[in-house]
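A closer look at the structure
Below are the chains, spelled out letter by letter.
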Protein chains: 2
Amino acid sequence: MTHFISHITTRDARFALKPGEGVDAVHRDPQYAYAVTRLHASNGMTGTGFVLTLGPGNNLVNQAIEMLAASLVGRDIEELMASFGAVQRSLADHPQLRWLGPHKGVVHLALASITNACFDLWAKVRGVPLWRLLLDLDTAALVALLDLSYLEDVLTQEAAARLIEQHRDTRSSREFILASGYPGYDTSIGWFGYSDERLVANAKDAISRGFLALKLKVGSDDPARDVRRAHLLRQAVDSNVRLMIDVNQQWTVPQAIMNCREFADAGLYWVEEPTHPDDVLGHAAIAQAILPLRVATGEHVANRVAFKNYIQTGAVHFVQVDCTRVAGISEFLTVALLAKQAKLPVVPHVGDMGQVHQHLMLFLHIALENELTFLEHIPHLREFFVHPADVRDGIYATPQHPGASADLLE
Amino acid sequence: MTHFISHITTRDARFALKPGEGVDAVHRDPQYAYAVTRLHASNGMTGTGFVLTLGPGNNLVNQAIEMLAASLVGRDIEELMASFGAVQRSLADHPQLRWLGPHKGVVHLALASITNACFDLWAKVRGVPLWRLLLDLDTAALVALLDLSYLEDVLTQEAAARLIEQHRDTRSSREFILASGYPGYDTSIGWFGYSDERLVANAKDAISRGFLALKLKVGSDDPARDVRRAHLLRQAVDSNVRLMIDVNQQWTVPQAIMNCREFADAGLYWVEEPTHPDDVLGHAAIAQAILPLRVATGEHVANRVAFKNYIQTGAVHFVQVDCTRVAGISEFLTVALLAKQAKLPVVPHVGDMGQVHQHLMLFLHIALENELTFLEHIPHLREFFVHPADVRDGIYATPQHPGASADLLE
């Protein structure tokens, strides 16, 4: 049975945050907004994909979606997905829009939104949740989803297939995760502007709700404030709770090296985005200098080529690739293979609030033996989703509805 | 006397190219378009800045210009330029639009267009050509133009000032260039699709018009075609003529290393953009493997941070920073300082067809002792400029009109 894409619409969805929500050292006045792609299929189904922006400019992404996606009208979704790697490369290399990146910024965000809508429609047409769809694909079909161009020096198609095959026999030993659910961690307790009192109260509340990992936003003009608050958190929770700090690019390389040392006694699990996301060598210098503290980054790393360089230089320990920043689920999977090859865990940043990534983390753990860590949880938009992630006792319950959990209420 | 910016307008200027013009291995169907910023001053003067795109999507840049530049209305141009580094940083870190980069893609192109318009207006208000304006600034005023954030590990404000001061005493020995003009090289002879016959005829014509350097577009599906055409060119011109090849990102890293060796006998001056512009380590591997052939790149390197990494890894020999790709003249100058520190020549890519860069190359040679090479020349848009670059006998004549030569005919 064929399911043609009959037409494509976009939606500029903007959401009000409560005061203080989403605020970090660099993004001090965020809105949350989604540039939404909707692929309308001939059978009446709709595939939904989106990327996160902070409000203004969301409309630019939507316009880029309309220009990029036009060529998909009339295509059968199964036929598209049978060689999606090639489809994605041709969209990424649009003869004129490519100049506006290439493979980064507004046009790449647009490609991510389109890609995510393709995967959602595909899973709906097959009547299964995205994680199930991906688990059921054979190795050749998985590799055909990926654009591996510009990775030839490290990851050929054959090497990608071998990586997937290597972990296939042991999949069943990891399928318990479908029943247990995937652990979450709570980012929303520690926004930058929250008072010390609120921070501690939020942390205790998160622990009481079952979370075992928490994140604190740092990057104050006064570094002593950051260190003090990290220790406040450390004292407020049990020693088995993992604490992370997130700098959101606020530090210079020398500052990052100096400041991280001040946190030596705070028992941190990682430091996130210590400096500018284009500074691969800066991150590598930081990563070397601050061990045993480890570096997490990726929410602003635009594509697989940049991730390749991060991994080649030892500049990242936790790969925070986000399918609403790279070119969607397809490039997310590509980066996950690069990470696997280097034995690094993927722990996504969740521009999607975890909706799509909950599927991807189940797949990565079972299919690639991605280290079982935890998936970021940000609850601020849950009321706007048709199927909001079901996070209870600090655990993402495995979604059972068809698709990628990306549909928004009207 | 004060000159306030009373209002800002944009123009979506698109130009038809003749068949074959502008075509390379990756951009096979280009238009040329400019996203133009016009700053209207209270005295009736207009500052013009622009960036290049390939047509579709040009309007996205214009919309980003309108969002980003709004905060400049009501500001005095002299006051803005007295601390433009800080102004530019605050625009680059727009609290919401920053997410769409950061510092790359559509929003960064918009910042470039705005920045270039500020410099043009400033030079017009002072009644001097841009090169003269820059040469007349003292060291502190020059450094105040620059956003050096995220370069603290390699280039502090003090180090930037020292670099400028070091070459001040010997400026007069290089001012001959103002009388002689700056040499050009011709890119338009060797577009990708031109036949062998046309290529040779174009080359001979360019030599007869005084050019001493020519560029050939390569990256064919059949690498033997590229090698054959390079030798054709080599045989068609004198041995003192410099030949460069431009891959426009078409090769993988292994292909680049293999293919470059095939050109060993063609006497090439550089190979340009051998692979993906985000692949710093890939370029470094290529640069090491293909010596003595040297690597030129930069037209798609978005900002100073990425250039820092290129320079730190020895991945580039000729720094092709383009003030219509990085955040305008200001970030161009910053990258030139990074290059100077590493003793690398700046040889810009000219998204502006050389209009603005002719000023910048005069300044860089005199003020920073930038190696005297040649400035790319692409003649296809000259009929659309108010003051088209005056290129005779292969030499850019020094512009004498006030401003940055960026004004377009209506």
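**Let's talk about the sheet that holds strand β2 (residues 32-41) of chain B**
All names here are of chain B.
- Taken together, the three strands give an open sheet; going across it, the order is β1-β2-β3, and neighbouring strands pair in antiparallel fashion. Two strands close off the open sheet at either side, each with one partner strand: β1 (5-15) and β3 (46-53). Averaged over all pairs of adjacent strands, the angle between their axes in this sheet comes to 20°, without regard to strand direction.
- Summarising the sheet, β2 and β3 pair through eight bridges and their orientation is antiparallel. The residue bridging H40 from the neighbouring strand is T46, located in β3.
- Contacting β1, β2 and β3, helix α1 (residues 58-69) runs over the sheet at an angle of about 170° to β1.

**Describing the relation of the copies chain B and chain A**
- Each copy of the sequence occupies a distinct position, and chain B is placed on chain A by a rotation of 180° and an axial shift of 0.0 Å, giving an RMSD of 0.0 Å. Put plainly, the chains are arranged around a two-fold axis. Closest approach to the rotation axis among the C-alpha atoms of chain B is made by G105(B), whose C-alpha sits 2.3 Å away.
- Residue by residue, 100% of the interface of chain B is reproduced at the interface of chain A, so both copies engage with the same surface.

**Let's talk about the sheet that holds strand β3 (residues 46-53) of chain A**
All names here are of chain A.
- If you walk across this open sheet you meet the three strands as β1-β2-β3, and the pairing is antiparallel. The outermost strands of the open sheet, each flanked by one partner alone, are β1 (5-15) and β3. Strand-to-strand twist across the sheet, computed as the mean angle between neighbouring axes with direction ignored, equals 20°.
- Sheet analysis places β1 next to strand β2 (residues 32-41), joined by ten bridges and oriented antiparallel. The residue of β2 that forms the bridge with A13 is Y34.
- Against the sheet, helix α1 (residues 58-69) contacts β1, β2 and β3, and its axis sits at roughly 170° relative to β1.
- Together, β2 and β3 form the strand contacts of helix α4 (residues 105-126), whose direction differs from that of β3 by roughly 150°.

**With respect to the nonpolar core**
- Residues V106(A), L268(A), V106(B) and L268(B) are the most contacted members of the largest nonpolar core, which totals 271 residues.
- Excluding residues that lie within four positions of it along the chain, V106(A) makes contacts with L60(A), V61(A), A64(A), L100(A), L60(B), L100(B), G105(B) and V106(B).

**Some words on the interface of chain B and chain A**
- Each side of the interface is counted separately: chain B has 47 residues, and chain A has 47 residues.
- Secondary structure elements with two or more residues in the side of chain B that touches chain A: α1, α4 (105-126), α11 (253-262), α12 (280-290) and α13 (304-312) of chain B.
- Considering only residue class, the side of chain B that touches chain A consists of 21 nonpolar, 19 polar and seven charged.

**Side note on the domain arrangement of chain A**
Residues and elements named next belong to chain A.
- Looking at chain A, the domain boundaries give domain 1 (5-127) and domain 2 (171-396).
- Taken together, the contact between domain 1 and domain 2 spans 27 residues of the former and 28 residues of the latter.
- Counting only elements with at least two residues in the side of domain 1 that touches domain 2, the list comes to β3, α3 (84-92) and α4.
- The greatest single-element share of the side of domain 1 that touches domain 2, amounting to six residues, is contributed by α4.
- Of the residues in the side of domain 1 that touches domain 2, the class split is 14 nonpolar, ten polar and three charged.

**Some points on helix α14 (residues 328-341) of chain A**
All names here are of chain A.
- Helix length check: α14, at 14 residues, gives a terminal C-alpha distance of 20 Å against a target of 20 Å (1.5 Å per residue), a fit within 8%.
- The buried count for α14 comes to 13 of 14 residues, which makes it a mostly enclosed element.
- Trailing α14 by a residue or two, K343 shows a phi angle of about 60°, which is positive.

**Re the environment of L135(B)**
All names here are of chain B.
- Looking at the secondary structure, you find L135 in helix α5 (residues 130-136).
- Looking at L135, the number of C-beta atoms within 10 Å reads 18, which means it is partly exposed.
- Spatially, the C-alpha atoms of L135 and A41 are 24 Å apart, while their sequence positions differ by 94 residues.

**Looking at unusual backbone geometry**
- Looking along the chain, the bond that leaves L291(A) and enters P292(A) is cis, with omega of 10°.
- Tracing the backbone through its elements, the reader meets P292(A) in the loop between α12 (280-290) and β8 (295-297).
- The phi torsion at S405(B) lies on the positive side, around 60°, for a residue other than glycine.
- Mapped onto the fold, S405(B) is located in the segment after β12 (395-396).
- On the basis of neighbour count, S405(B) is assigned to the buried category, with 27 C-beta atoms found within 10 Å.

Parameters at a glance
Residues numbered from 1 in each chain as written. Chains lettered and ligands numbered in written order. Predicted model: local features only at pLDDT ≥ 70, side-chain atom pairs only at ≥ 80, totals over all residues. Pairing = 2+ DSSP bridges. Helix = DSSP H or I, 4+ residues; strand = E, 2+ residues; numbered from the N terminus. Axes fitted to C-alpha atoms, helices over the stretch in contact; angles between N-to-C directions. Contact = placed C-beta atoms within 7 Å. Least-squares fit on C-alpha atoms with pLDDT ≥ 70 in both. Core = buried A, V, L, I, M, F, W, Y, C linked by C-beta atoms within 7 Å. Buried ≥ 20, exposed ≤ 12 C-beta atoms within 10 Å, placed from the backbone. Nonpolar A, V, L, I, M, F, W, Y, C, P; charged D, E, K, R; others polar. Domains from an automatic or database assignment. Expected span 1.5 Å × (residues − 1).

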